[in-house]
Amino acid sequence: MTRQSSKQQKIYAIVVSDFNRFITDRLLDGCLRELKNKGVTERDIKVVRVPGAFEIPVAALKLTKKRSVCAVITLGCIIRGETYHFEVVADNAAQGVMRVSLDSGKPVIFGVITTETVDQAYKRSGDGDEHKGVEAARAAVEMVETLTKI
C-alpha cells in the first residue's frame with residue numbers, strides 16, 4: 001500500500017462552452033497561459049467542455065464536489081441575437097455559477113462574456129488588457145489564496 005502525500009493536490013478546473021468556440025478557445029488559451037504564469041502546473045489543470053453557457057453551472061457543481069478541486073473557472077461567450085434568448089441564457093448562467101460558488105464554498109469564477117457583437121467578443125478575448133480568460137485565471141488564483149488565509 002502506498003502512502004498518499006499529506007499535501008492535497010489543488011486542481012483548477014475550467015468549464016468551457018463549445019458554443020461560439022471561435023471565441024471560447026481564445027478565452028481558454030489566455031486562461032491556461034495565465035494559470036501557468038501563476039505557477040499552476042499542467043497536471044493541476046482540468047478542462048471540461050460543455051455544449052453551451054446554460055450547461056456550465058451543472059458541470060461546475062459536479063467539479064466543486066471533488067476534494068482535489070480548489071477552484072472552478074467558467075468560460076463562455078454569449079453574443080446578442082435578435083431574440084430574448086440572450087438574456088435568458090446570460091442571466092441563468094450567471095445565477096447558476098453564483099449559486100454553485102455559494103453552495104460549495106469554493107471559488108467559481110464567472111468568465112462568461114456577454115457582448116452585443118462578434119467584434120466586442122474578439123476584443124474581450126484578444127491580446128489587450130481586457131482578456132477575460134486571463135482575468136478569470138487571476139481571480140481564481142487570488143481567491144484560492146484568500147480563502148486559504150481565512
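Refer to the structure above for everything that follows.
Just so you know, the residues in each chain are numbered from 1, in the order the chain's sequence is written. Only residues with pLDDT of at least 70 get local features here, since the model is predicted, and only at 80 or more are side-chain atom pairs given and counted; chain-wide, interface and lining totals rely on the full set of residues. Working from all heavy atoms in the structure, the side-chain values ignore hydrogens and water.

J.: Just checking my understanding: could you explain the packing of helix 1 (residues 21–37) against helix 5 (residues 132–149) for this structure?
T.: If you want to describe how two helices pack, look at the angle between their axes and the distance between the axes. To get an axis, a line is fitted to the C-alpha atoms, and for a helix only the part in contact is used. The angle between two axes follows their N-to-C directions and goes from 0 to 180 degrees. Elements are defined by DSSP. Helices are runs of H or I of four residues or more, strands are runs of E of two residues or more, and each kind is numbered from the N terminus. Contact pair helix 1 / helix 5: the axes reach a minimum separation of 7 Å and the direction vectors enclose 40 degrees. On the basis of their axis angle, the class for helix 1 and helix 5 is oblique. In terms of crossing hand, the pair formed by helix 1 and helix 5 is right-handed. Between helix 1, through Leu27, Gly30, Cys31, Arg33, Glu34 and Leu35, and helix 5, the contact on the second element is made entirely by Lys132, Gly133, Val134, Ala137, Arg138 and Val141. By definition in this entry, angles of less than 35 degrees are roughly parallel, angles greater than 145 are roughly antiparallel, angles of 65 to 115 are roughly perpendicular, and the rest are oblique. Working rule for handedness: look at the near helix, and if it is turned counterclockwise from the far one by less than a right angle, call the crossing left-handed; if clockwise, right-handed. Pairs of residues are marked as contacts when any of their non-hydrogen atoms sit within 4.5 Å.

J.: Honestly, the sheet that holds strand 1 (residues 11–17) in this entry has me stumped. Any pointers?
T.: Two strands in a sheet stick together by hydrogen bonds in their backbones, pointing the same way (parallel) or opposite ways (antiparallel). Strands sit in the order 2-1-3-4 across an open sheet of four strands; the sheet is parallel. Each of the sheet's edge strands pairs with one partner strand only, and the pair in question is strand 2 (45–50) and strand 4 (108–115). Within the sheet, the average angular offset between the axes of one strand and its neighbour, ignoring direction, is 15 degrees. Of the strands in this sheet, strand 3 (69–79) and strand 4 touch helix 3 (residues 85–104), which is tilted by about 170 degrees from strand 4. Taken strand by strand, helix 5 contacts strand 1, strand 3 and strand 4, and its axis lies near 155 degrees from that of strand 3. Strands are labelled as partners when DSSP assigns at least two bridges between them.

J.: Explain the side chain of Ser101 to me, please; I cannot follow it from the model alone.
T.: Along the polypeptide, Ser101 turns up in helix 3. The contacts of Ser101, once residues within four sequence positions are left out, are Lys106, Pro107 and Val108.

J.: Could you clarify how one ought to interpret the packing of helix 2 (residues 56–64) against helix 3 in this entry?
T.: For the pair helix 2 and helix 3, the least separation of the axes is 8 Å and the interaxial angle reads 15 degrees. Between helix 2 and helix 3, the angle is such that the two are roughly parallel. Of the two elements, helix 2 crosses helix 3, and the hand of that crossing is right-handed. Two secondary-structure elements touch here, helix 2 through Ile56, Pro57, Ala60, Leu61 and Thr64 and helix 3 through Asn92, Ala93, Gly96, Val97, Val100 and Ser104. In the contact of helix 2 with helix 3, the residues fall into seven nonpolar, four polar and no charged. Residues are grouped as follows: Ala, Val, Leu, Ile, Met, Phe, Trp, Tyr, Cys and Pro are nonpolar; Asp, Glu, Lys and Arg are charged; all remaining types, including Gly, are polar.

Shape descriptors only; they carry no functional weight alone.
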